[in-house]
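These are the residues of each chain, in order.
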Amino acid sequence: MNIRPTPSSTDSLHGTRTDQVKHMYDMSASLIFLEPVGYVLVARLLWHDLAHDLLSYWISALFLSWLFGLITNRRFTLCKPEEKAHSQWLSLKYFHASLCSISMTAGSMLVMLTDASTTSILVVCMFLSMASAITSIIYSAVRGVLALYNAMIWLPMSVMLLMRDDEFLMTLGIGCLVCMAAMLLIGQRLNQYLIAGFDSRVAHSQAVQKLATSKSKLEKALIATRGLAFRDELTGLYNRRQLWTRMEQEQARSEAMRHPLCFALMDLDHFKQINDQFGHPAGDVVLKTIAQLALEEFRDRDVVSRYGGEEFAVILPKTSLSEAESSVQRFCKRVAEAHIVLEDSPIQTTISIGVTQYRRGEQIKDTIARADQALYHAKRKGRNQVMSDFDVLNGLTSLDEVTIRLDKD
């Protein structure tokens, strides 16, 4: 069996074998109905020269082998086998080729052993030539099957003709050998063209697959790159730039839908002491822990971001000020109750929060400024608590006492 894989990978081997088997069954399906016509013609031409019972047995054997091939082709078409099963179907083709060649050989021996006329011998040689030509087309994808078939039908016929004393028959025997060589050569050339086409399709398929894989990796890389553009590298939360973008979007929705919108600024208490005592890597652990707690505590529609340093911010859409105060109060309590252990030493961490509600028509920087003022007063009043701008505007201090950080970037 001539299965020539491409050097790239074993996938090419499987792809080529698949194509070979499919080619044989496809060609068999298109040419198999010519065989009965040949059987009928040869039976008609030999009818007066051979015993009718022997001729009937021979033609019956040919029809049985033809029926086996027809059934096998039909089953292959219906099953549409997987690649791993193609070796079994190739074995069936080997068996069918052997069955056909044995039937052909039996017919040629029948003619030669009954001292048939030269005309009958020529008829059989023509019949074998027609069968050999059809076989060269059907089995050209696999040279092993082609060689097996031609050798089994031509060699016995050639040997018996060469053993005759008749010069014409001996010459005909040499012609049979030449015909066999020609059929094998034709099959070899067809095989080369077919295998080259199979390998080309396999290579093209692999190239398309690699291109698709590269495209998928590139898309994932682009998605990851875009994510880095608006995500904080340490905590994975939105960064300040994306916070402003989302705040602008929620502001527009609030104006259009007339639903409340709140904003909260949060700052870890005494975070510098953690860095000084345990080092900045420990401070990073604390920041990531607080970020995870925020993602767990706030709703999916809330937008949690890292505002800068040890500061965090939360946008709370469709939320009134009282609802926002309750939400951030729960988070403030959860942070105070969190168990964070660094270098076998527990750390007590608290957070101060300032919260405000967006006012229709104002600029985003004014909303953030009021939340910043409330946060400032939560710090002044002892930390670990929530303060709203409502408390600030009710006389706790004047607005000028607070340095407001409005740098958008």
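Just above, that's the structure.
By convention here, each chain's residues receive numbers from 1 onward along its written sequence. Residue-level local features of this predicted model are given only where pLDDT is at least 70; pairs of side-chain atoms are given and counted only at 80 or more, and the full residue set underlies all totals for whole chains, interfaces and linings. Excluding hydrogens and water, the side-chain figures rest on all heavy atoms present in the structure.

Caption draft 1: View of the environment of V285. Each helix is a run of H or I in the DSSP string that is no shorter than four residues. Each strand is a run of E no shorter than two, and both are numbered from the N terminus. Within the secondary structure, V285 sits in helix α10 (residues 280-297). Accessibility here uses a 1.4 Å probe with only protein chains present; expressed as a share of the type maximum, an area under 20% marks a residue as buried, one over 50% as exposed, and anything in between as partly exposed. We classify V285 as partly exposed; its relative accessible area is 35%. A C-alpha to C-alpha distance of 8.5 Å links V285 and L342, two positions 57 residues apart in sequence.

Caption draft 2: Inspection of the packing of aromatic side chains at higher detail. Note on ring pairs: Phe, Tyr and Trp rings are taken, using the six-membered ring of Trp, and paired if centres are within 6.5 Å. Classes follow the plane angle, with under 30 degrees stacked, over 60 edge-to-face and the rest tilted. Enumeration according to the criterion identifies eight aromatic pairs in this entry. With centroids separated by 5.9 Å and ring planes inclined at 85°, the aromatic side chains of W58 and F127 adopt a geometry described as edge-to-face. Remark: F127 occurs in helix α5 (residues 118-138) and W58 occurs in helix α3 (residues 52-79); sequence separation between them is 69 residues. The pair W58 / F127 is uniform in exposure class, with both members buried.

Caption draft 3: Geometry of helix α4 (residues 86-113). A helix is expected to span 1.5 Å for every residue after the first. For α4, spanning 28 residues, the distance from its first C-alpha to its last is 40 Å, which sits close to the expected 40 Å at 1.5 Å a residue. D115, located one to two residues past α4, shows a positive phi value of around 55°.

Caption draft 4: Expanded view of the side chain of R240. Residue position: R240 is located in helix α8 (residues 240-257). Charge assignment: positive for Lys and Arg, negative for Asp and Glu; neither His nor the chain ends contribute. When a carboxyl oxygen of Asp or Glu is within 4 Å of a side-chain nitrogen of Lys or Arg, the pair counts as a salt bridge. Here R240 occupies a buried position and makes no salt bridge, while the nearest side chain of opposite charge, E311, is found at 4.9 Å. Contacts described as polar in this section are N or O atom pairs within 3.5 Å, which, within protein, must combine one atom able to donate a hydrogen with one able to accept it, while residues neighboring in sequence count only if both atoms come from side chains. At a separation of 3.0 Å, a polar atom in the side chain of R240 contacts the main-chain carbonyl oxygen of Y307.

Caption draft 5: Up close: the sheet that holds strand β2 (residues 303-308). Reading across from one edge, β2-β3-β1-β6-β7 is the order of the five strands in this open sheet, with mixed pairing throughout. Each having just a single partner strand, β2 and β7 (386-388) make up the two edges of the open sheet. Ignoring which end each strand starts from, the neighbouring axes of this sheet average 20° apart. The rule for pairing is simple: two strands pair if DSSP sees at least two bridges between them. Bridge count for β2 against strand β3 (residues 311-317) is five bridges, and the pairing is antiparallel. Within the sheet, the bridge partner assigned to V304 lies in β3 and is V314. Lines fitted to C-alpha atoms define the axes, with helix axes restricted to the stretch in contact, and inter-axis angles between N-to-C directions lie between 0 and 180 degrees.

Caption draft 6: Highlighting unusual backbone geometry. Phi is positive for R258, close to 60°, though the residue is something other than glycine. You can see R258 is positioned in the loop between α8 and β1 (261-268). Residue class for R258 comes out exposed when judged on its relative accessible area of 64%. Phi at N384 takes a positive value of approximately 55°, unusual for a residue other than glycine. In this fold, N384 is placed in the loop between α12 (364-380) and β7. In this structure N384 comes out as partly exposed when scored by relative accessible area, which is 35%.

Caption draft 7: Summary view of the packing of α8 against α12. The geometry of α8 relative to α12 is characterised by a closest axis approach of 11 Å and an angle of 110° between their N-to-C directions. With respect to α12, the axis of α8 lies roughly perpendicular. Taking contact as the criterion, the partners of W244, M247, E248 and Q251 in α8 are, on α12, I364, K365, T367 and I368. When its residues are assigned to classes, the contact of α8 with α12 shows four nonpolar, two polar and two charged. Under this scheme an angle from 65 to 115 degrees is roughly perpendicular, one under 35 degrees roughly parallel, and one over 145 degrees roughly antiparallel; angles in between are oblique. The contact definition used throughout considers only heavy atoms, calling two residues in contact when any of these lie within 4.5 Å. Residues are grouped as follows: nonpolar covers Ala, Val, Leu, Ile, Met, Phe, Trp, Tyr, Cys and Pro; charged covers Asp, Glu, Lys and Arg; every other residue, Gly included, is treated as polar.

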